[in-house]
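Secondary and tertiary structure notes
Spelled out from the first residue to the last, the chains are:
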Amino acid sequence: MSEEKQTEYVTLVSCDGFEFKIKRSAAILAGAIKNMLDPNSRFQEGLTGRCEFENINGLVLDKVCEYLYYNEKHKDAKDMPDLDIPPELCLELLMAADYLNEREREKETNSMRRRYDKGRDFLATFWRFR
Amino acid sequence: MTGRRTGNRIRGPHSALTDFLAANNISAQQIRDSYQQRVQQAEAEDPAANDGQDNQDGAEEEDAEAAAEAAAAEAAIERTKKRKRRSEKAVAKVKESKAAAKKKAKKAKKGDDDSDESDGDYDDALENMYKKPKKLPGQLENCETCGKRFTVTPYSKAAPDGGLLCTPCGKLVAKDEKALAGKAKKPVAATKKRRKLESDRLDGLVRNGAKTLVQLCIEKVAQHHNDIEEFGDLPVGLLTRLGEIFGKNRVLNSRTLRLFLQPDLDTLAVHEAAYLETEDYEQIFAVIPRIKKLVLNNACQFKDSSVEYMKEKAGGITWLQLGAANLVSNDMWIKLFEERGANYETLKLTWLDAAFDDAAVAAMAQHCTNLTRLKLERCRQITPTGFEHIIHLPKLQHLTLHLSHEIPSDRLVAMLTTIGHQLQTLSLQRALDADDSFLAALHTTCNRLSKLRFCENDACTDAAYAALFTNWTNPPLRFVDLNSTRDIDNSNPDGPPDTTGLGDAGFQALMTHSGSKLEHLDVSSCRHISLACWLAVFDGRKQYPCLQTLNVNFCGTVDTTVVAGVFGSCPQLRKLETFGCFGVEDVRVPRGIVLVGAPRAQDQIEQFGEGWGAGRVVEVGA
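Scoring rules and cut-offs
Residues numbered from 1 in each chain as written. Chains lettered and ligands numbered in written order. Predicted model: local features only at pLDDT ≥ 70, side-chain atom pairs only at ≥ 80, totals over all residues. Heavy atoms only, no water. Contact = heavy atoms within 4.5 Å. Buried area = accessible area lost by both parts, 1.4 Å probe. Salt bridge = Lys/Arg side-chain N within 4 Å of Asp/Glu carboxyl O. Polar contact = N/O pair within 3.5 Å; in protein donor to acceptor, adjacent residues only side chain to side chain. Helix = DSSP H or I, 4+ residues; strand = E, 2+ residues; numbered from the N terminus. Buried < 20%, exposed > 50% of the residue type's maximum accessible area, 1.4 Å probe, protein only. Pairing = 2+ DSSP bridges. Right-handed = clockwise from strand over helix to strand, strands pointing away.

The next subject is the interface of chain B and chain A. In this complex, chain B contributes 28 residues to the contact, which on the side of chain A involves 24 residues. Of the roughly 2300 Å² buried at the junction of chain B and chain A (both faces included), carbon and sulfur atoms supply 68%. By the criterion of area lost to chain A, the three top residues of chain B are L213, L216 and K220 of chain B, representing 24% of everything that side buries. Counting the contacts that link chain B with chain A gives one salt bridge. With a shortest N-O distance of 3.8 Å, D84 of chain A and K220 of chain B are connected by a salt bridge. Viewed at the interface, chain A and chain B are joined by two residue pairs in polar contact (both at pLDDT 80 or more). When contributions to the side of chain B that touches chain A are tallied by element, the ones reaching two or more residues are α7 (167–202), α8 (213–223) and α9 (236–248) of chain B. At eight residues, the largest contribution of residues to the side of chain B that touches chain A is made by α8 of chain B.

Here we take up the pattern of salt bridges. Applying the stated criterion across every chain, the model contains 15 salt bridges over all chains. Between R250 of chain B and E272 of chain B there is a salt bridge, with its nearest N and O atoms 3.8 Å apart. Taken as a pair, R250 of chain B in the loop between α9 and α10 (254–260) and E272 of chain B in the loop between β3 (267–270) and α11 (278–287) lie far apart in primary sequence, 22 residues in all. When its relative accessible area of 6% is taken as the criterion, E272 of chain B is described as buried. Shared partners join several salt bridges into a network, and the residues in it are E19, K21, R50 and E52 of chain A.

Another aspect to go through is the pairing of β3 of chain B. Residue and element names in this part refer to chain B. Along β3, the buried face is formed by L268 and V270; none of T267 and A269, which line the opposite face, is buried. Sheet analysis places β3 next to strand β4 (residues 293–296), joined by four bridges and oriented parallel. Within β4, the position partnered with V270 by the bridge is L296. In terms of handedness, the path from β3 via α11 over to β4 forms a crossover that is right-handed.

What follows is the structure, given as C-alpha cells:
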C-alpha cells in the first residue's frame, strides 16, 4: 500500500446531508473515524477523506465536531471547563459518542491488524522458503 | 492649605454646650455671622447711635471670644462628623460596594489633583460639611431619590451619596444589593467544583486531557434525569454506566428506575436502591422475568413479600447481590435457599444485622451447592458455628468474609484444608484470631489463589509470612492486601523482638514470590518493614511489571528515596498512596502517576506527574 499524501481536512457527512469539514488531526481522536480514515484499512473513506454517518444527524454531528476540536485543544490540559451539551441532545449524542469513540473497538482493530500483519509476515516467509 | 488646617484645628477641653451645639448642627460661625449682620444693620440704620470708642472695644472683645468659641465648636463638629462618616463608610462598604467604589474613585481623583497627601481628611471633612446631618428615627426627612417627605425609622436605608431614602426607594436599593450579592456568590460554586476535582483525584481518577464525550453525555443525562422519558435502545454497557451514575447521584427512584427496566435485559444493577419501594421491586421482576444477575445495594424496602415475588417470577437468577436487606426474615432466607438455592452461582450479602443467622447459613450451605462466589460482609448474626457450614460448599472458588464474630484459628485451618485447594480468591477482613497455623495451612493447601486479602491481624509473625511466600506452589498473586498486620501495644511501640505482622522477611518473600504478576498491593500500616527492606525491594532495578496501585500508608519508614525507587521499579504504576509517611517530600512525580498523601499542609495532597515523557528518569539515591 503506497503512502498517499493525506489531506489536512476531512469531511464528515450527517444522515440528513450536512457536511462538516474538520481537521484530520481532530477527527482521528474518535476511534471509529480514525479507523475509517486509516489508509491501510482499505475502507473507501480512507481514500476519499469523506465519512458518511447514516445514523447521526446534523445537529449531533455538529456537536461531535465541536467536541473533537475541544478535545484536541485540551489534549494535555488539566482541569479544563467541561464542554456544554444541550440537554435535549445528550441522549442522541451519547449514542453517537458510544458509536464513534470506543477505545476498546480501537484496540480490537489494532490487535486484529497486528494478527493480520503477523499472518502476512508468516505467509511471506513461508512462500520464500518454499 | 496645611497651615490653614492646623490653624483652624484648635483642640482642647470643651463644654457640654459645644457638644450640644455640635450635635444639633448649630454653628458658632453662623451665630457670629448673623450677630455681625445684625450689628451692621443696626449701625446702618442708626449711625447717630454710635457713642464712642468704648462700645467698639467691647464689641471687638466679644468678637474675639466668639471666634474662639466658634473654632472650638467647629472642631467638635468636625470630630463628630468624622465619627459619623467613619461608621457610614463602614456601612457603605458592606452594603453598597458600588457606591463605595464611586466614592473611592472620586477620592482617588482628588488624590491625583492634590499633591499634598494629608489633604484627604480635610477634603472629606469639607465635603461632609455640605452634607445634611443624618436625621434620627422619628424625625421627618426628604427622600434623597424621590424627594418625598417621610418619617425616618431605624430601618431607613442610607442613600449612596449620604442622606436617607423613603421606604419604597429603600426597597428598590435593597433589591439591587441582593442582585449584587448574588453575583458575588458565584465563586462559591467554583470552590465547590474545585472540591469535587480534589475528591476525584483522591479517588485516583487521574485525567490528562478532556473527558470523553461519553462521560460528558452521561453526566448531562444524570443531571437532567427528571426530563427523560425513555432511554431508547442504548447499549447495555452504557445503561450500566448510567445506572451507576444515577445511583451515585442518588436520583434512582421509582420514576427513574422505569427507564432501566427493559424486558430483554438479563442484568440489573441498582447500586443505591434506598428510594425504591416494595412495588418497585415487584415491578423489576414483572418486567424482566428472565433476569439473571440482580444487584441491589441499600435495598432497605426489600421485604419478605419481595423475596417471595422474586422466587416465583424470576426463577433464573444466578447472581444475587443484596445490600442492607434487613426486612427479609430468617425463615424467608431459608425458604429462598430451599427453593432456588441450586440456581445460585454467586451470592453476595452485605450489611445484614436483623436477620441471616447461623440457620440461614446452614440452609445456604445445604442447598446452594453450585455456589462459586460467596461474599458475606458485615452480617452480624453469623457466629463461628455458622462459619463452619461454609466449608460444605463444594464448588466455592471465591470467598470473601468480614464477620463481626471472631473465628478461631483452628476453624479457619479446617476450612482451608477442606476447600483451600479450589479457592482463587480468599478475603478475610478482621481476621483477628488467625495465627501462624493459618498461614502454614494457606501455604500447604492453596495453590490456585490469585487474590489474597488478610488484614487487621496481630497474631501472625513475620517468620510465618516469610514461610508462606517461600517456595509456595501457588502461582504469583495478582492482588495482595495485608494491611494492618502488625503488633499493637501502646506500651511497647517497637513490638516484640521477633517481629509480629508483616516485616522485612515476609515482605521480601512476598515480592519475590508475586512481584512478577502483582497488580495491586496494599501493605498500609505494616509498620515493621524497615527502610533497608524498602530500599532492597524497590531499588529501581528490580522490576514489578504489572504493579498498578501501591498503598504504603502509615509505613513510617518510607521516604523520598523509596518513592523514587517505586517509580523506577514499577513501570505500570498509576497510584501510590503515602499518607502518614513523613519522610516523603519534594518528589517529582512522573507523568501518568498520582501520588496521594503528601504530609505537609502547604503541599497539594496529591501530586500529578506531568511534563515528562514516557521515559521515567528517576534519580535513585542510596
